[in-house]
Amino acid sequence: MRRCNRATNSLETMNKLKSPSVGRPMIEVRSVSKNFGENQVLKSISFEVKEGEVVVLIGPSGSGKSTLLRCINYLEDFQAGEILVDGSPVGYNPAAEGSKRTRQSETEIARLRTKAGMVFQNYNLFPHKTAIQNIMMGPVLVNGESKAEAREHAQALLTKVGLADKANHLPSQLSGGQQQRVAIARALAMRPKVMLFDEVTSALDPELVDEVLKTLRDLSTEGMTMIIVTHEMQFARDVADRLLFFYQGSIIEDGPPNEVFANPKTERFQAFVKRFQNAAMAG
Amino acid sequence: MSWLNMVWGWLPEFFDGFLVTLALVGMCLPIAVALGMGVVLMRLSNHAVIWAPTYAAIEFLRNVPTFLLILVVYYGAPLLGSRLDGIYCGAIAIAVQHTAYLAEVFRGGVSAVPRTQWDAGRAIGLRPAGVFFRVVFPQAALKVVPAIGNQVVVLIKDTSLVAGIGVVDLTLSGKLVMERTAASYEVFIVIAVFYLALTTLASAIFHRLEVFSRKRN
Amino acid sequence: MDIAFLSINYLLKAALVTVEIAAATVVLSFVIGTALGVAAAIGGRTIRSILTVYVYVVRGVPVLVLIFIAYFGLPRLGVDAPNYVAATIALVIYFAAFVADIVRGSILAVPKSTVEAGLAIGLRWTQILTQIQLPLGMRLALPPLVTTASIAVKSTSYASIVGVWELTYASREVVERTLAAFEIFFSVMVIYFCICYPISLCATYLQRRHAAV
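Undergrad: For this particular structure, what's the right way to read the overall build of chain C?
TA: The helix and strand tally for chain C stands at 8 helices and 0 strands. When the elements of chain C are put in sequence order from the N terminus, they spell out α-α-α-α-α-α-α-α. Across its three principal directions, the C-alpha atoms of chain C cover 70 × 45 × 25 Å. For chain C, contacts bridging at least 24 residues in sequence account for 77% of all contacts bridging at least 6.

Spelled out as structure tokens, the structure:
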């Protein structure tokens, strides 16, 4: 089993492996609603993610799972509700009784984004910087680390994701899977409390998917709090502490994978499960 | 509001110049488009004997100032024995240069048509010439409508250069009015407005054409 | 062609003037245009509208008319400037608009997803601008900007119409004196070509390198 070289609390977090009942809430989503014009994309969503938990969001396209993920680090605005990351509200400061919520300043929002690392479906690496420069940018520009510190840390992260020798390669010189692993390292460089993964394998050729999923698995065993949006059902079942099934803007199933698959509470999910099992048997 | 009367007095003088400008556009544009289509065929030929000199000529013409070409025709024509009016010298020079510009535009359009269209054309039994004229080029023409619109505006503005050889177009008529009536640079602001109206009209027409072409893309 | 050889000295001196005017035009219009373009990309509706109007006017009016306005207008405004200054001012005003439009478009063409990646690691908007939008935007802008520079060089020949002594004016002088129109003008065209063609090759090369960022 891989061990990480994180400077902080390694032993403590190792001990929190796979015990979701331990750990304070890292993410709190309370009655969050969002609409695009007439379209109600998120309908009063509420859930909690505890420290060290791995929560996987699944559901059909357009059900709101990616949108919710992007609300957590305020890349999307939401009309109602609250989101707290590590105890701090995101996007809006809580209003006093009876008054409207106030939007946070760009600086506040930027600071909060450092607590949640995000990895995108299309990697979104900075094309004009090498792999190691991509990873160093956040620590140097936002956390004020010195270039030397940042470089050391970045090199360690590259080693962690298995790309130690690609430090000076440009994104255009890397395969999709490699770019995605650099993107993961870039997010980890900010030492986030939680990692958000938005369909990170959907844009990859099948043979490159495994290397990325392996990186995610390693992170989960190290005790990182993770929220993953994915279509990879088998992976979801293996890695998730909890599965949240999204359908048309609401969460209609919530529980550990084995329970949820064995006893689906709703018909929709039953249908979804059946389709997955058919696909698994055919494939 | 005496300046309004002043401008009103200028208008007849401008009108003749405006007609000259329109005449130049009317002569040069169709010729440049037609010849441009012909030249691009030569440019796309597979025989080096044909495309090489064509490529050289196009690149040469695209990288020299328009006014210089006008001067070549203006001073050169008498040497060849012809007594061309200034306006025709300008027309020849502008038409030739814009043929080169448009040939490049068309070439860009042809290369933007996906290779698969060639395959489709050959698959239904057309010969290469047929594929080109019936499948590829029509699509290329539709793709370049906006670029041609831009070139038309450039052509309209280039006609002003005949003022440099004494042809009384819209621009030169402004200079004459200015000298005759002791008015000053304001005259040219009015001239600028005229050109703006002309180019806006041309752009509007091409906008309509673009909408039409976008549907068929 | 002997006439061409005899005059070559004269013409090359004039070519130098052309290069000077072109250089001044390109440098000034690029500096002003880039500043305007960046401002329009990040600024509010006011500055964006100003740029839109400016570009519209410049696009629709011949350079020559602008040169005339500057040439006849500057004395009226009390500025006693030589003709090449007036011409250069007109050219700078003309090309700054194109540069600004190109720069603005290129900055906005940087993919939203790349910007979002910057936001996700906690960069603030000023950092996004300087670290992501400007470097990537200017790379996209380079090919059309180089093409604009080539057009600017050719436009210097219009200054001859208001009497500025540069390559086109000098060539006219020589032709009127010697009547060897074809030889002289051909040589001069070669000179212009030798200046402009390498520039356009640069643009094509840059276009291929930075086509997809």
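Undergrad: Looking at this model, I keep getting lost on the overall build of chain A. Mind explaining?
TA: Looking only at helices and strands, one finds 10 helices and 12 strands in chain A. Considering only intrachain contacts with a sequence separation of at least 6, the fraction spanning at least 24 residues in chain A is 65%.

Undergrad: Looking at this model, I keep getting lost on the sheet that holds strand β10 (residues 225–229) of chain A. Mind explaining?
TA: Adjacent strands of a sheet form backbone hydrogen bonds with each other and so pair up, either parallel or antiparallel. All names here are of chain A. One open sheet accounts for 6 strands, arranged β8-β9-β10-β3-β11-β12; its pairing is mixed. On the outer flanks of this sheet lie β8 (116–119) and β12 (250–255), each paired with one strand and no other. Across this sheet, the average inter-strand angle for adjacent strands is 15°, counted without regard to direction. Judged from the 4 bridges that link them, strand β3 (residues 54–58) and strand β11 (residues 242–247) form a sheet pairing that is parallel. The residue of β11 that forms the bridge with Ile 58 is Phe 245. Seen against the sheet, helix α6 (residues 176–188) touches β8 and β9 (194–198) and runs at an angle of roughly 170° to β8.

Undergrad: It is not clear to me how unusual backbone geometry should be interpreted in this structure. Could you clarify?
TA: Working note: non-glycine residues mostly have negative phi, and peptide bonds are mostly trans. Not every positive phi belongs to a glycine, and A:Tyr74 is a case in point at roughly 55°. Structurally, the position occupied by A:Tyr74 is in the loop between α2 (65–72) and β4 (80–85).

Undergrad: Just checking my understanding: could you explain helix α4 (residues 83–109) of chain C for this structure?
TA: Between the first and last C-alpha of α4(C) there are 39 Å, a value that for 27 residues agrees with the 39 Å anticipated at 1.5 Å per step. Burial runs high along α4(C): 21 of the 27 residues are buried.

Undergrad: What exactly am I supposed to notice about the confidence of the model for chain C here?
TA: Should the pLDDT be low somewhere, the predicted coordinates at that spot are not to be read in detail. When pLDDT is averaged along chain C, the result is 91, and 96% of the positions lie at 70 or above. Interface confidence for the predicted complex, expressed as ipTM, amounts to 0.89; the pTM equals 0.82.

Undergrad: When you look at the interface of chain C and chain B in this model, what are you seeing that I'm missing?
TA: As a measure of interface size, the accessible area lost when the parts come together is often cited. Of the residues lining the interface, 29 residues belong to chain C; the matching set on chain B comes to 31 residues. For the side of chain C that touches chain B, the secondary structure elements donating two or more residues are α2 (45–60), α3 (63–76), α7 (167–178) and α8 (181–209) of chain C. The biggest single contributor to the side of chain C that touches chain B is α8(C), with 10 residues. Here the side of chain C that touches chain B is built from residues that sort into 20 nonpolar, 5 polar and 4 charged.

Undergrad: Help me out: how do you make sense of the pairing of β12(A) in this one?
TA: Residues in a regular strand project their side chains so that they alternate between the two faces of the sheet. Residue and element names in this part refer to chain A. The pairing of β11 with β12 spans 5 bridges and is classified as antiparallel. Paired with Phe 246 across the strands is Ile 251, a residue of β12. Once β11 ends, the chain turns through 2 residues before running back antiparallel as β12, passing Gln 248 with a positive phi of about 50°.

Undergrad: I tried to follow the sheet that holds β4(A) on my own but got confused; where do I start?
TA: All names here are of chain A. In spatial order, the strands read β2-β1-β4-β5; together these 4 strands make up an open sheet with antiparallel pairing. Only two strands of the sheet have a single partner each, and these edge strands are β2 (39–50) and β5 (88–89). Relative to β5, β4 runs antiparallel, the two being bridged by 2 bridges. Bridge pairing in β5 links Leu 84 to Pro 89.

Undergrad: Teacher, can you tell me more about the environment of B:Pro146 here?
TA: Residue and element names in this part refer to chain B. Mapped onto the elements, Pro 146 comes out in helix α7 (residues 145–158). Judged by the 15 C-beta atoms lying within 10 Å of it, Pro 146 is partly exposed. Each C-alpha atom of the pair Pro 146 and Tyr 88 lies 28 Å from the other, and the pair is 58 residues apart in sequence.

Undergrad: Teacher, can you tell me more about helix α8 (residues 170–181) of chain B here?
TA: Between its first and last C-alpha atoms α8(B) spans 16 Å; for 12 residues at 1.5 Å apiece the expected length is 16 Å, and the two agree. Taken together, the buried positions of α8(B) are B:Leu170, B:Thr171, B:Leu172, B:Ser173, B:Gly174 and B:Val177. The elements touched by buried residues of α8(B) are α1 (2–43) and α9 (186–215) of chain B together with α3 of chain C.

Undergrad: In this structure, what is going on with the arrangement of the chains? I would like to understand it.
TA: For the 2 pairs of chains in contact, the largest share of contacts goes to chains B and C. If you take every C-alpha in chain A and every C-alpha in chain B, the smallest gap between them is 24 Å, and the two do not touch.

Undergrad: What am I meant to see in the interface of chain C and chain A here?
TA: Between chain C and chain A, the contact holds 17 residues from the first and 22 residues from the second. Only α5 (112–120) and α6 (125–155) of chain C provide two or more residues apiece to the side of chain C that touches chain A.

What counts as what
Residues numbered from 1 in each chain as written. Chains lettered and ligands numbered in written order. Predicted model: local features only at pLDDT ≥ 70, side-chain atom pairs only at ≥ 80, totals over all residues. Helix = DSSP H or I, 4+ residues; strand = E, 2+ residues; numbered from the N terminus. Contact = placed C-beta atoms within 7 Å. Pairing = 2+ DSSP bridges. Axes fitted to C-alpha atoms, helices over the stretch in contact; angles between N-to-C directions. Expected span 1.5 Å × (residues − 1). Buried ≥ 20, exposed ≤ 12 C-beta atoms within 10 Å, placed from the backbone. pLDDT = per-residue confidence, 0-100. Nonpolar A, V, L, I, M, F, W, Y, C, P; charged D, E, K, R; others polar.

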